[in-house]
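Descriptive structure summary
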Amino acid sequence: EAQLDRFLLSVSVGYPAEVEEAGLVSRRAVPIESIGAVVDPDSVRMGFDEVDAVHVSDEVAGFLVRLVRRTRSHPALALGASPRASLALGMGARALAAIRGRDFVLPDDLKELAPVVLTHRLVVDASARLRGLDASAVLAEILESQPLTGPD
């Protein structure tokens, strides 16, 4: 669990279609010498600065923390999300807002990113697994029931 907690996101891209996979097999590999840089260090620093400038209001930060803390007390979870998950969700939401041209985070940014930031950090307890629940389903329930304002 501690190792999984260090990954910012867990995104499944699935498998390619059969014809695409056949194309991968039949194409020649691209020589490593032909691969060039896609971004320079200054652009990376600018991107980080842009994300750092995105504002997270007290209300949105409170929603984020309540959401993550709710995973720690949910009866179907043996292990909830850590404070590192709170940081990851906040960072991801700020990056998403910047990508979308905003200088502020919306609760919808958190809701959109929560599945890819939190699910791999949750451990469902045995009785919930026997009932057919997985981390995605538990998180969906938490997201649906978590109010934007107020205590847990």
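The following paragraphs examine the structure supplied in this document. Keep in mind it's a predicted model, so treat the numbers as computed, not measured.

1. Looking at the overall build of the protein
- Along the backbone of the protein there are 7 helices and 2 strands.
- Element order for the protein, N to C, with α for helix and β for strand: α-α-α-β-α-α-β-α-α.
- Expressed as a percentage of its 152 residues, the buried residues of the protein come to 33%.
- Considering only contacts in the protein between residues 6 or more positions apart, those separated by 24 or more positions represent 73%.
- For the protein, the accessible area works out to roughly 10,100 Å², and carbon and sulfur atoms hold 59% of it.

2. Side note on the packing of aromatic side chains
- Scanning the model with the defined rule gives 0 aromatic pairs in all.
- Positioned above the aromatic ring of Phe-104 is the side chain of Arg-102, whose terminal nitrogen or guanidinium carbon lies 5.6 Å from the ring centre.

3. Here we look at the pattern of salt bridges
- With the rule as written, the count across this model stands at 5 salt bridges.
- In this structure, Arg-100 engages Glu-112 in a salt bridge whose closest nitrogen and oxygen atoms are separated by 2.9 Å. One end of the pair, Arg-100, is in the loop between helix H4 (83–99) and helix H5 (107–118); the other, Glu-112, is in helix H5, with 12 residues separating them in the sequence.
- Of the residues examined, Arg-100 reaches a relative accessible area of 44% and is grouped as partly exposed.
- Taking the relative accessible area as the measure of exposure, Glu-112 reaches 42% and is therefore partly exposed.

4. Looking at the nonpolar core
- Core analysis: the largest hydrophobic core is formed by 31 residues, its most contacted members being Leu-89, Val-105, Leu-110 and Leu-118.
- Those elements giving two or more residues to this core turn out to be helix H3 (58–73), H4, H5 and helix H7 (135–145).
- Ignoring anything within four residues of it in the chain, the contact list for Val-105 reads Val-54, His-55, Val-56, Val-60, Ala-93, Arg-94, Ala-97 and Leu-110.

5. So, a nonpolar patch on the surface
- A surface patch of nonpolar side chains, amounting to about 410 Å² of accessible area, comprises Val-38, Val-39, Val-44 and Phe-48.
- Relative to the helices and strands, Val-38 is located in the loop between helix H1 (18–26) and helix H2 (41–52).
- For Val-38, a relative accessible area of 82% corresponds to the exposed category.

6. Looking at H3
- In a regular helix each residue adds 1.5 Å, so 16 residues correspond to 22 Å; H3 covers 23 Å between its end C-alpha atoms and thus fits that length.
- The set of residues buried in H3 consists of Val-60, Gly-62, Phe-63, Leu-64, Arg-66, Leu-67, Val-68 and Thr-71.
- Close packing links the buried residues of H3 with strand E1 (77–79), H4, H5 and H7.

7. Details of the packing of H3 against H4
- One can describe the packing of H3 onto H4 by two numbers: an axis separation of 10 Å at closest approach and a directional angle of 145 degrees. Pair H3 / H4 crosses with right-handed handedness. Contacts from Leu-64, Leu-67, Val-68 and Arg-72 of H3 reach H4 at Pro-83, Ser-86, Leu-89 and Gly-90.
- Here the residues of the contact of H3 with H4 are counted per class, giving 5 nonpolar, 2 polar and 1 charged.

8. Some words on the packing of H2 against H4
- Contact pair H2 / H4: the axes reach a minimum separation of 8 Å and the direction vectors enclose 105 degrees. The orientation of H2 relative to H4 falls into the category roughly perpendicular. Contacts from Glu-50, Val-51 and Asp-52 in H2 reach Met-91, Arg-94, Ala-95 and Ala-98 in H4.
- Grouping the constituent residues of the contact of H2 with H4 by class yields 4 nonpolar, no polar and 3 charged.

Each value, and the rule that gives it
Residues numbered from 1 in each chain as written. Predicted model: local features only at pLDDT ≥ 70, side-chain atom pairs only at ≥ 80, totals over all residues. Heavy atoms only, no water. Helix = DSSP H or I, 4+ residues; strand = E, 2+ residues; numbered from the N terminus. Buried < 20%, exposed > 50% of the residue type's maximum accessible area, 1.4 Å probe, protein only. Contact = heavy atoms within 4.5 Å. Areas by Shrake-Rupley, 256 points an atom, 1.4 Å probe, with all protein chains shown as cover. Phe/Tyr/Trp six-rings, centres within 6.5 Å; stacked < 30°, edge-to-face > 60°. Lys NZ or Arg CZ within 6 Å of the ring centre and 35° of its normal. Salt bridge = Lys/Arg side-chain N within 4 Å of Asp/Glu carboxyl O. Core = buried A, V, L, I, M, F, W, Y, C linked by side-chain atoms within 4.5 Å. Patch = residues over 30% accessible without salt bridge, like charges linked within 9 Å, V, L, I, M, F, W, Y side chains within 5 Å. Expected span 1.5 Å × (residues − 1). Axes fitted to C-alpha atoms, helices over the stretch in contact; angles between N-to-C directions. Left-handed = near helix turned anticlockwise from the far one by under 90°. Nonpolar A, V, L, I, M, F, W, Y, C, P; charged D, E, K, R; others polar. Parallel < 35°, antiparallel > 145°, perpendicular 65-115°, else oblique.

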